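Chain by chain, the residues:
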Protein chains: 2
Amino acid sequence: MPPAKFDREQVLRSAMNTFVQKGYSKTSMQDLTKSTGLHPGSIYCAFENKRGLLLAALLQYKSDSELSFEAYFSHDLPVLQSLKLYLDSIVVDCAQKGEYKACLLTRALTEIADQDDEVKSVISESLYDWQKAFHKQFELAVESKELSANCNIPHMARYLSMGIYGLRTFAQTQTTRDVLQELADQLFDDIRRLSLEPSH
Amino acid sequence: MPPAKFDREQVLRSAMNTFVQKGYSKTSMQDLTKSTGLHPGSIYCAFENKRGLLLAALLQYKSDSELSFEAYFSHDLPVLQSLKLYLDSIVVDCAQKGEYKACLLTRALTEIADQDDEVKSVISESLYDWQKAFHKQFELAVESKELSANCNIPHMARYLSMGIYGLRTFAQTQTTRDVLQELADQLFDDIRRLSLEPSH
DNA sequence: AGATATCTTGAATAAACATTCAAGATATCT
DNA sequence: AGATATCTTGAATGTTTATTCAAGATATCT
């Protein structure tokens, strides 16, 4: 039976969801065979083991996130306007009751990074790439004179990342939309201020 | 052998450390017997089970954190100055290489909250109490005219909590002290601005 | 159609795990 | 000193877990 191979992306998205929902340790192989529709043997053949499946799922998540990022920032809107839309989408994401909607990267980071250097570096690099994507957008905006030429772009990108991490953590204890929106708006204001003021 | 009972606080601090370092799921009973010096039977007798030990450790962590908080804010310094010192101490905490220095509450929250409602509410309430502690300090500062009378205190407390969550998450990928300090300083500036400006 | 190579299947395996409990030890009380 | 109650101890238990592998199934090739 050579063909009939499963759809790798779809399998990884299922695994992704299961890992985000239950966490890595509490996700059993049985959970994964159920959610992916694959049998144990197939998983071990394709991904070596549970850890390999996590690594693959992390890369898929990264790739999906990049596409989503592009979708927000590729229009010809001013960066700050795109950023506002992007932040609002995170608020919507976080405000979903019931289904646990977190970031797989940060969730896996807090859960297992300190015990597995390879997983940690995959996650760290992915998160850093995401931060660099903000960086790049801000740079483009400086070139097009939207932002002040002497604003501190690396600092802004880092502070923005930090704020979003915080927002997502905050959302785990409080899912009231208004509160989350207010926090996101505040973060946006603070980033905007940094983008206009010269760095000191 | 009636007396010779173990020192409950010390046991809980050991358990606390183990849980923070390895995470709840990856912490085995063997790890806990090793770190606490207690035998399985004693743990089950005193805390019912592993989950009970976590719950007790969470409460101990909360209580310890409150004492530490008081230590920073009970002097007669202006609130903003105490806050600065408090934030700096978090930076120092996060910048420790090697030993994983996170907040047990947020770590446990991301790992297990979505599967255990009791654990979740214990954590949520603890974190909310911590947020309220900021709240209270800001209120006192308004009364003493240090802060503007019409600043939005609940908003400030929430934004501060969010920022610290974010800082701690950020520190898991980047432990360069200068970078963390810069982020904490930025957070401080933004909170200070909120404390002086009238809310809009 | 038969042979072959490749992929699928899921029961079997072995290790790790939380939890229990009966035997042993010590202090207090009579 | 003896009896009793309480606490300690850690090997045994039964469950859950990730992982393997040999048998079975299907498509392609000759």
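What counts and what doesn't
- Residues numbered from 1 in each chain as written.
- Chains lettered and ligands numbered in written order.
- Predicted model: local features only at pLDDT ≥ 70, side-chain atom pairs only at ≥ 80, totals over all residues.
- Heavy atoms only, no water.
- Helix = DSSP H or I, 4+ residues; strand = E, 2+ residues; numbered from the N terminus.
- Buried < 20%, exposed > 50% of the residue type's maximum accessible area, 1.4 Å probe, protein only.
- Contact = heavy atoms within 4.5 Å.
- Areas by Shrake-Rupley, 256 points an atom, 1.4 Å probe, with all protein chains shown as cover.
- Least-squares fit on C-alpha atoms with pLDDT ≥ 70 in both.
- Phe/Tyr/Trp six-rings, centres within 6.5 Å; stacked < 30°, edge-to-face > 60°.
- Lys NZ or Arg CZ within 6 Å of the ring centre and 35° of its normal.
- Axes fitted to C-alpha atoms, helices over the stretch in contact; angles between N-to-C directions.
- Parallel < 35°, antiparallel > 145°, perpendicular 65-115°, else oblique.
- Left-handed = near helix turned anticlockwise from the far one by under 90°.
- Nonpolar A, V, L, I, M, F, W, Y, C, P; charged D, E, K, R; others polar.
- Polar contact = N/O pair within 3.5 Å; in protein donor to acceptor, adjacent residues only side chain to side chain.
- Buried area = accessible area lost by both parts, 1.4 Å probe.
- Salt bridge = Lys/Arg side-chain N within 4 Å of Asp/Glu carboxyl O.
- 1 Å grid on protein atoms, 1.4 Å probe; cavity = no way out; pocket = protein on both sides within 12 Å on 5 of 7 lines; lining within 4 Å.
- Points joined across faces, edges and corners; volume = space filled by probe spheres on them.
- Expected span 1.5 Å × (residues − 1).

In terms of helices and strands, chain A carries nine helices and zero strands. Residues classed as buried in chain A amount to 52% of the 200 residues present. Sequence-distant contacts, at least 24 apart, represent 68% of the contacts inside chain A between residues at least 6 apart. Working note: accessible area of chain A is about 9600 Å², and carbon and sulfur atoms make up 52% of it.

The next point concerns the relation of the copies chain B and chain A. The transformation that overlays chain B on chain A combines an axial shift of 0.0 Å with a rotation of 180°, and the residual RMSD is 0.0 Å. Such values leave the two copies arranged in the relation of a two-fold axis. No C-alpha of chain B lies nearer the rotation axis than that of B:Gly166, which sits 1.8 Å from it. Of the interface residues in chain B, 100% have counterparts in chain A that sit at the interface too, so the contact is made through matching surfaces.

Moving on, we come to unusual backbone geometry. The phi angle at A:Glu48 is positive, at roughly 75°, despite the residue not being glycine. By relative accessible area, which is 63% here, A:Glu48 ends up exposed.

Applying the stated rule across the entire model yields 22 aromatic pairs over all chains. Joined through ring pairs, the aromatic side chains of A:Phe69, A:Tyr72, A:Phe73, A:Tyr86, A:Trp130, A:Phe134, A:Tyr165 and B:Phe170 make up one cluster. When the ring centre of A:Tyr24 is taken as reference, the NZ or CZ atom of A:Lys50 above it lies at 4.5 Å. One Lys or Arg, A:Lys84, reaches over the ring of A:Phe188 and ends 5.9 Å from the middle of that ring.

Moving on, we get to the packing of helix α5 (residues 79-95) of chain B against helix α9 (residues 177-196) of chain B. All names here are of chain B. With their axes 10 Å apart at the nearest point, α5 and α9 run at an angle of 155° to one another. In terms of orientation, α5 and α9 fall into the roughly antiparallel class. The chirality of how α5 crosses α9 is right-handed. Of the residues in α9, those in contact with Leu80, Leu83, Lys84, Leu87, Asp88, Val91, Val92, Cys94 and Ala95 of α5 are Arg177, Leu180, Gln181, Ala184, Asp185, Leu187, Phe188, Ile191, Arg192 and Ser195. For the contact of α5 with α9, the residue count by class is 12 nonpolar, two polar and five charged.

Residues and elements named next belong to chain A. Note on placement: Asp116 falls in the loop between α6 (104-112) and α7 (117-143). It is 32 Å that separates the C-alpha atoms of Asp116 and Ser89, two residues lying 27 residues apart in sequence. Of note is the side chain of Asp116, whose polar atom sits 3.2 Å from the backbone nitrogen of Glu118. A distance of 3.2 Å separates a polar side-chain atom of Asp116 from the backbone nitrogen of Val119.

Take the interface of chain B and chain A next. Taken together, the 41 residues of chain B in the interface contact 41 residues of chain A. In total, chain B and chain A occlude about 3800 Å² of area from one another, counting both sides; carbon and sulfur atoms represent 56% of this. There are four salt bridges connecting chain B and chain A. Linking chain B with chain A are 14 residue pairs in polar contact (both at pLDDT 80 or more). When contributions to the side of chain B that touches chain A are tallied by element, the ones reaching two or more residues are α1 (8-22), α6 (104-112), α7 (117-143), α8 (153-170) and α9 of chain B. For the side of chain B that touches chain A, the element with the most residues is α8(B), which contributes 11 residues.

This paragraph deals with empty space enclosed by the protein. Considering all chains together, one arrives at three cavities of 30 Å³ or more under this definition. The volume enclosed by the largest cavity comes to roughly 260 Å³. Together, 20 residues line the largest cavity, and A:Thr110, A:Thr169, A:Gln172, B:Thr110 and B:Thr169 are the ones closest to its centre. If you list the elements that add at least two residues to the lining of the largest cavity, you get α6 and α8 (153-170) of chain A together with α6 and α8 of chain B. The residue makeup of the lining of the largest cavity, split by class, is eight nonpolar, eight polar and four charged. Of the pockets and cavities examined, the second largest cavity occupies roughly 40 Å³. Lining the second largest cavity are A:Tyr159, A:Met162, A:Gly163, A:Leu187, B:Tyr159, B:Met162, B:Gly163 and B:Leu187. For the lining of the second largest cavity, the secondary structure elements donating two or more residues are α8 of chain A together with α8 of chain B. For the lining of the second largest cavity, the per-class residue count stands at six nonpolar, two polar and no charged.

Pairs can form between side chains of opposite charge whenever their charged atoms are close. Scanning the model with the defined rule gives 30 salt bridges over all chains in all. In this structure, B:Arg51 engages B:Asp116 in a salt bridge whose closest nitrogen and oxygen atoms are separated by 2.5 Å. Of this pair, B:Arg51 sits in helix α4 (residues 50-73) while B:Asp116 is found in the loop between α6 and α7, placing the two residues 65 residues apart along the sequence. Beyond isolated ion pairs, a larger network of salt bridges with shared partners links A:Lys62, A:Glu66, A:Asp129 and A:Lys132.

Right, let's talk about α6(A) for a bit. Counting buried residues along α6(A), nine of its nine residues qualify, which places the element largely inside the surrounding structure. Among the residues making up α6(A), those that are buried are A:Leu104, A:Leu105, A:Thr106, A:Arg107, A:Ala108, A:Leu109, A:Thr110, A:Glu111 and A:Ile112. Each element contacted by the buried residues of α6(A) is listed here: α1 (8-22), α4 (50-73), α7 and α8 of chain A together with α6 and α8 of chain B.

What follows is about α5(B). Residue and element names in this part refer to chain B. Along its 17 residues, α5 runs 24 Å from first to last C-alpha, staying within 8% of the 24 Å computed at 1.5 Å per residue. Along α5, the residues that are buried comprise Val79, Leu80, Ser82, Leu83, Tyr86, Leu87, Ile90, Val91, Asp93, Cys94 and Ala95. In this fold, the buried residues of α5 make contact with α4, α7, α8 and α9.

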